[in-house]
Amino acid sequence: MKGTVMNGQKKGKASSSSVKTKKFKFNFVDVALICVIISIVIAVIYFLPSTSWLKDKGRTQDRKIQYTIEILDVDKDFFDNILAGEIVIDSVTKANIGNVFSINNNEKYTEYEYIEQKDTEKLTPIEYGDRFNLQITIEATAKYVTDEGYNVNGTRIAVGEKMYVRFPNFIGEGYCIGIDDTLN
């Protein structure tokens, strides 16, 4: 029966459905190729200008800053208790958050009273002659973290941030009303 054909195939030859395919083996060359491709993708993403935020994310820089805290309703008898050059302490963390650079006490403390009359409503300012708003400018070396802001010894410095401060002869609370980081 040599050379006879069965179902369109010669005897002794396996049909295509019974041929086993060779299985793929994962080896060192494949691992190296995958690593090279991943490295190229990371390098392209890192060097693209639109993803430059990846480079700076979490990077800290030391910067010299001046920030101003406004403390409201301070009696004029306490003006001499804060002096330029004094150390400022955060009352919450007990950390040194800079030195007093300047003090401005020229703004009188004012409250507004709501007066409602027959046909009008208005706010009337009431000034207190012996009460003032202190604006204290503090100089410090802060760490600047991209997308997070300024930090001085664990205390966040940001405009609008409520701060509890202690000087050698005065304790107060106020809000940060300005930051100048152009000193570098």
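Here the structure is shown first, and the text comes after it.
Heads up: these notes are all about the structure in this document. The structure presented is a predicted model; accordingly, all values stated were derived computationally and were not measured.

Another aspect to go through is the overall build of the chain. Looking only at helices and strands, one finds two helices and ten strands in the chain. Starting at the N terminus, the α and β elements of the chain follow one another as β-β-α-α-β-β-β-β-β-β-β-β. Among the 184 residues that make up the chain, the fraction classed as buried is 26%. In the chain, 63% of the contacts between residues at least 6 apart in sequence involve partners at least 24 apart.

Moving on to the pairing of strand E4 (residues 87-90). Here E4 runs beside strand E5 (residues 96-116); their pairing, made up of two bridges, is antiparallel. Across the sheet, residue Ile89 finds its bridge partner in E5, namely Asn96. By the bridge criterion, two bridges tie E4 to strand E9 (residues 162-167) in an arrangement that is antiparallel. Bridging across to E9, Asp90 finds its partner in Val165.

In this structure, Tyr67, Ile71, Ile136, Ile157, Met163, Val165 and Phe167 are the most contacted members of the largest nonpolar core, which totals 24 residues. The element best represented in this core is strand E6 (residues 121-145), accounting for six residues. Here Ile157 is in contact with Ile65, Tyr67, Tyr150, Val152, Met163, Cys176 and Ile179, once residues within four sequence places are set aside.

Moving on, we get to unusual backbone geometry. Although it is not a glycine, Asp73 sits at a positive phi angle of roughly 60°. For Asp73, the position within the fold is in strand E3 (residues 60-75). Under the relative-accessibility criterion, Asp73 is labelled partly exposed at 31%. A positive phi angle is found at Lys94, which is not glycine, with a value near 65°. Within the secondary structure, Lys94 sits in the loop between E4 and E5. Overall, Lys94 belongs to the exposed group, its relative accessible area being 53%.

Take the packing of aromatic side chains next. Enumeration over the complete set of coordinates arrives at four aromatic pairs. For the pair Phe167 and Phe170, a centre-to-centre distance of 6.2 Å together with 45° between the ring planes defines the contact as tilted. Phe167 sits in the buried class, given a relative accessible area of 4%. Here the aromatic residues Phe78, Phe167 and Phe170 are joined through ring pairs into a cluster of three or more. In this arrangement the basic side chain of Arg63 is found over the ring face of Tyr144, its NZ or CZ atom lying 4.2 Å from the centre.

For the rest of this paragraph, the subject is the pattern of salt bridges. Across all of its chains, the model carries six salt bridges by this definition. In this structure, Asp75 and Arg131 form a salt bridge, with 3.3 Å as the shortest nitrogen-oxygen distance. Here Asp75 is found in strand E3, whereas its partner Arg131 is found in strand E6, with 56 residues between them in sequence. Judged by relative accessible area, which is 17%, Asp75 ranks as buried. One network of salt bridges, in which partners are shared, links Asp73, Asp75 and Arg131.

Moving on to the side chain of Glu86. Mapped onto the secondary structure, Glu86 falls in the loop between E3 and E4. Buried Glu86, no salt bridge; nearest opposite-charge side chain is Arg166, N-O distance 11 Å. Within the local environment of Glu86, its side chain forms a polar contact with the backbone nitrogen of Leu83, the two atoms lying 3.1 Å apart. Once residues lying within four places of it in the same chain are set aside, the contact partners of Glu86 are Asn81, Gly98, Asn99, Val100, Phe167, Pro168 and Asn169.

Definitions and cut-offs
Residues numbered from 1 in each chain as written. Predicted model: local features only at pLDDT ≥ 70, side-chain atom pairs only at ≥ 80, totals over all residues. Heavy atoms only, no water. Helix = DSSP H or I, 4+ residues; strand = E, 2+ residues; numbered from the N terminus. Buried < 20%, exposed > 50% of the residue type's maximum accessible area, 1.4 Å probe, protein only. Contact = heavy atoms within 4.5 Å. Pairing = 2+ DSSP bridges. Core = buried A, V, L, I, M, F, W, Y, C linked by side-chain atoms within 4.5 Å. Phe/Tyr/Trp six-rings, centres within 6.5 Å; stacked < 30°, edge-to-face > 60°. Lys NZ or Arg CZ within 6 Å of the ring centre and 35° of its normal. Salt bridge = Lys/Arg side-chain N within 4 Å of Asp/Glu carboxyl O. Lys, Arg positive; Asp, Glu negative; His and termini not counted. Polar contact = N/O pair within 3.5 Å; in protein donor to acceptor, adjacent residues only side chain to side chain.

Nothing here speaks to function; it is all geometry.
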